[in-house]
Amino acid sequence: VETYQAKQPLVGKRVLVSAGGTQERIDPVRYIGNDSSGKMGTAVANAAAAAGAEVTLVATKMLPVLPGVEAVYVTSAAELHDAMLANFDAADLVVMAAAVADFRPVDVSGTKIKKQSADDGLHLDLVQNPDILAAMGAQKSHQYLVGFAAETNDLVANAQAKLEHKGADMIVANPVGYGQGFNADTDTVTILRRGQDPLALDEAAKRDVAATIVGLAEAEM
Ligand code: CTP
Ligand code: CA
């Protein structure tokens, strides 16, 4: 990692990274969202900065960043979408590590939803959020586009489908489950790229996985 970073191969390049899980408001005290600590995305931003890039990190979680990383904080998928698209044209490398909530409530209640009786439940109407990675895949020109895939089963097949459908150049496939993947300091990922065999990495610290992702992307930019 140190030797790679010492070469500063990303000097003069702009890197755009997302990190963390989005929160979709139900009412002033509740939200629905995806699990994500923001550690992997922030590690990618820091790895790119260590390699000399000017980095914009769009994050839902505030974690320590290196000099060279400008952090923009957002909460919802809609805010994340707007921040990513606003920075997309200027970027050379884009890494979509955020866990975007797939659905948001149709209506956001202005007041706290109260329980009515002892045995009632709650029905929420949800709509799909826009697919930010696919939107960037559809409009990319010179950008090298990296996405993630969090899968509980059929890791490579599901991730391969995302590589193709979303117009990404690389998908980092991440096995997840109860007690696995989220909020850990290590990851065991498989890297998929167009026309290449899957590259299964050994379990490693997130900062080392992040440096590998940035190094592999940089080699193809
Ligand atoms: N993604 C996105 N916008 C969304 C949903 C996902 O940009 N609305 C991105 C994620 O940041 C990730 C990639 O798409 O880089 C794959 O996310 P994932 O949740 O694994 O896939 P989905 O396409 O949402 O499919 P599903 O959750 O149904 O498996
Ligand atoms: Ca999803």
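Look a little higher up for the structure.
This one's a predicted model, so the numbers in the text were calculated from it and none came from an experiment.

A. Examining the coordination of the calcium ion (ligand 2) more closely. With distances of 2.4 to 2.6 Å, the protein atoms coordinating the calcium ion (ligand 2) are Asp102 (OD) and Asp102 (OD). Take Asp102: it is sitting in the loop between β6 (93–96) and β7 (103–105).

B. Local environment of the pattern of salt bridges. Enumeration according to the criterion identifies seven salt bridges in this entry. One salt bridge connects Asp131 with Lys166, and the closest N-O pair in it is separated by 2.6 Å. Taken together, the positions of Asp131 in the loop between β8 (126–128) and α4 (132–139) and Lys166 in the loop between α5 (155–165) and β10 (170–175) put the pair 35 residues apart, joining distant regions of the chain. The class of Asp131 is partly exposed, set by a relative accessible area of 34%. Notably, a salt bridge pairs Lys162 with Glu151, separated by 2.5 Å at the nearest N-O pair. Taken together, the residues span a long stretch of sequence, with Lys162 in helix α5 and Glu151 in strand β9 (residues 144–151) at a distance of 11 residues. A residue is classified by how much of its surface remains accessible, and Glu151, at 9% relative accessible area, is buried.

C. Broad picture of the environment of Arg104. Structurally, the position occupied by Arg104 is in strand β7. Considered as a pair, Arg104 and Leu122 are 18 residues apart in the sequence and their alpha carbons are 15 Å apart. Apart from residues no more than four positions distant in its own chain, Arg104 is found in contact with Glu24, Asp125, Leu126, Val127, Gln128, Asn129 and Pro130. One polar contact links Arg104 to Asn129, side chain to side chain, over a distance of 2.8 Å.

D. View of the layout of surface pockets. In this structure, the largest pocket encloses a volume near 910 Å³. Breaking the lining of the largest pocket down by element, the ones donating at least two residues are α2 (39–50), α4 and β9. In terms of residue class, the lining of the largest pocket is built from 17 nonpolar, 13 polar and eight charged.

E. The arrangement of a nonpolar patch on the surface in detail. On the surface, a nonpolar cluster with roughly 350 Å² of combined accessible area is contributed by Phe103, Leu122, Leu124 and Leu126. Mapping Leu122 onto the fold places it in the loop between β7 and β8. With relative accessibility at 54%, the residue Leu122 sits in the exposed group.

F. Spatial organisation of the packing of α2 against helix α6 (residues 206–220). Interhelical geometry of α2 versus α6 gives an angle of 55° and a closest axis separation of 8 Å. Viewed along their axes, α2 and α6 adopt a mutual orientation that is oblique. α2 and α6 meet at a crossing whose hand is right-handed. Residues Lys39, Met40, Ala43, Val44, Ala47 and Ala48 of α2 pack against Lys206, Arg207, Val209, Ala210, Ala211 and Val214 of α6. Considering only residue class, the contact of α2 with α6 consists of nine nonpolar, no polar and three charged.

G. Unusual backbone geometry, seen in detail. Phi angles above zero are rare outside glycine, and Asp154 is one such case at about 45°. When you line up the elements, Asp154 lands in the loop between β9 and α5.

Procedures and definitions
- Residues numbered from 1 in each chain as written.
- Chains lettered and ligands numbered in written order.
- Predicted model: local features only at pLDDT ≥ 70, side-chain atom pairs only at ≥ 80, totals over all residues.
- Heavy atoms only, no water.
- Donors = N, O, S within 2.8 Å, 3.2 Å for Na, K, Ca; no water.
- Helix = DSSP H or I, 4+ residues; strand = E, 2+ residues; numbered from the N terminus.
- Salt bridge = Lys/Arg side-chain N within 4 Å of Asp/Glu carboxyl O.
- Buried < 20%, exposed > 50% of the residue type's maximum accessible area, 1.4 Å probe, protein only.
- Contact = heavy atoms within 4.5 Å.
- Polar contact = N/O pair within 3.5 Å; in protein donor to acceptor, adjacent residues only side chain to side chain.
- 1 Å grid on protein atoms, 1.4 Å probe; cavity = no way out; pocket = protein on both sides within 12 Å on 5 of 7 lines; lining within 4 Å.
- Points joined across faces, edges and corners; volume = space filled by probe spheres on them.
- Nonpolar A, V, L, I, M, F, W, Y, C, P; charged D, E, K, R; others polar.
- Patch = residues over 30% accessible without salt bridge, like charges linked within 9 Å, V, L, I, M, F, W, Y side chains within 5 Å.
- Areas by Shrake-Rupley, 256 points an atom, 1.4 Å probe, with all protein chains shown as cover.
- Axes fitted to C-alpha atoms, helices over the stretch in contact; angles between N-to-C directions.
- Parallel < 35°, antiparallel > 145°, perpendicular 65-115°, else oblique.
- Left-handed = near helix turned anticlockwise from the far one by under 90°.

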